[in-house]
Amino acid sequence: MTQQPSAAMLAIGDELLSGRTKDKNIGYLADAMTLAAIELKEVRIVADDQQAIVEAVNALRTRYTYVFTSGGIGGTHDDITADSVSAAFGLPCIYDDEAMRRLAENYARRGLDFNESRQRMARMPEGATLIDNPVSTAPGFIIGNVHVMAGVPQVFQAMLANVIPTLKGGVAIISEAIDCPFGEGDIGTALAAIQKAHPHTSIGSYPRFSDKGFNTQLVVRARERALVDAAAVDIRAMIAALQG
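Conventions we followed
- Residues numbered from 1 in each chain as written.
- Predicted model: local features only at pLDDT ≥ 70, side-chain atom pairs only at ≥ 80, totals over all residues.
- Heavy atoms only, no water.
- Pairing = 2+ DSSP bridges.
- Helix = DSSP H or I, 4+ residues; strand = E, 2+ residues; numbered from the N terminus.
- Axes fitted to C-alpha atoms, helices over the stretch in contact; angles between N-to-C directions.
- Contact = heavy atoms within 4.5 Å.
- Phe/Tyr/Trp six-rings, centres within 6.5 Å; stacked < 30°, edge-to-face > 60°.
- Buried < 20%, exposed > 50% of the residue type's maximum accessible area, 1.4 Å probe, protein only.
- Lys NZ or Arg CZ within 6 Å of the ring centre and 35° of its normal.
- Patch = residues over 30% accessible without salt bridge, like charges linked within 9 Å, V, L, I, M, F, W, Y side chains within 5 Å.
- Areas by Shrake-Rupley, 256 points an atom, 1.4 Å probe, with all protein chains shown as cover.
- Salt bridge = Lys/Arg side-chain N within 4 Å of Asp/Glu carboxyl O.
- Lys, Arg positive; Asp, Glu negative; His and termini not counted.
- Charge placed at Lys NZ, Arg CZ, Asp CG, Glu CD.
- Expected span 1.5 Å × (residues − 1).
- Bend = angle between axes of the 7 residues up to and from the residue.

Trainee: What should I look at first to understand the sheet that holds strand β3 (residues 66–70) in this one?
Mentor: Within a sheet, neighbouring strands are paired by backbone hydrogen bonds and run either parallel or antiparallel to one another. With mixed pairing, the six strands of this open sheet are ordered in space as β2-β1-β3-β8-β7-β6. Two strands close off the open sheet at either side, each with one partner strand: β2 (39–46) and β6 (129–131). The average undirected angle you get between the axes of adjacent strands in this sheet is 20 degrees. The pairing of β3 with strand β8 (residues 146–149) spans four bridges and is classified as parallel. Residue Ser 70 lies in a different strand from β8, and its bridge partner there is Met 149. Lying on the sheet, helix α2 (residues 25–35) is in contact with β1 (6–12), β2 and β3; it crosses β2 at an angle near 165 degrees.

Rendered as structure tokens:
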């Protein structure tokens, strides 16, 4: 089986860890990666702390095909993502000429002062490639395999839409959901045996509670239809056996 491209996400911001802001970007990225046939393998959330960001970026970028960050590329003092990513790559953090041009034109068009705070949004590692921002102009950037994007969900989603076509996906995952009328305590041992018998599938177990008591939805995932079908046959046989 060919190796699947993988991804990780690094969400940055004190406000996420304090609970003040409820993250909406992780789920959106997970959906997008699934559609692109890229496995999202890890998500980290770190504070606005340069050492923590540098450590996380360097750990993730060496482990996964793609890394996506959200948050911390605005113009205020606590927006330190550009500096931190630059430090992770050992590169100077510069005012990118094209980013400065886009921002200057945007604020001139709106009759606003292109002041020092707004200019900070043009800072990024030397040699980075811009990620277009059709919502509010201030670009994200790509350096190596790291894609640095805004934390505001609308802007994050718009930037991601520009990034997705540049990524190389793998083989799409096929899934099948099977409703099981038994709780996990009743099926655990048998289900573990089925998983062991089908090592190239992933079998997820999701307990639920209804007016009829505990039941479970079982989801089989694999990259070949035949693998999914074979595991599903065994799961249905397990359920039939339990039903007696």
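Trainee: What's the story with the packing of aromatic side chains in this structure? I'm lost.
Mentor: Remark: the centre distance and the inter-plane angle together describe each pair of aromatic rings, the angle taken between the planes. If you walk through the whole model with that rule in mind, you get two aromatic pairs. An angle of 20 degrees between the planes, with centres 5.9 Å apart, marks the rings of Tyr 107 and Phe 114 as stacked. The residues Tyr 107 and Phe 114 share a single accessibility class, namely buried. Between Phe 209 and Phe 214, the ring centres sit 5.0 Å apart and the planes meet at 65 degrees, which makes this aromatic pair edge-to-face. Judged by its relative accessible area of 59%, Phe 214 is exposed. In this structure, Arg 61 packs its charged tip against the face of Phe 89, placed 3.9 Å from the ring centre.

Trainee: How should I be thinking about a negative patch on the surface in this particular structure?
Mentor: Taken together, the side chains of Asp 14, Asp 49, Glu 55 and Asp 78 define an acidic patch exposed on the protein surface. Topologically, Asp 78 is positioned in the loop between β3 and α4 (81–89).

Trainee: Explanation requested: helix α8 (residues 184–197) in the structure shown.
Mentor: Each full turn of the α-helix corresponds to 3.6 residues, which orients residues three or four apart in the same direction. Here α8 contains 14 residues, and its C-alpha end-to-end distance of 19 Å stays within 8% of the 20 Å for a straight helix at 1.5 Å per residue. The axis of α8 is deflected most strongly, by about 35 degrees, at Ala 190. Inspection of α8 places Ile 187, Leu 191 and Ile 194 among the buried residues, and these make up the whole buried set. Those residues of α8 that are buried lie in contact with β9 (174–180), β10 (202–210), β11 (213–222) and α9 (225–243).

No statement about biological role is implied by the geometric values presented.
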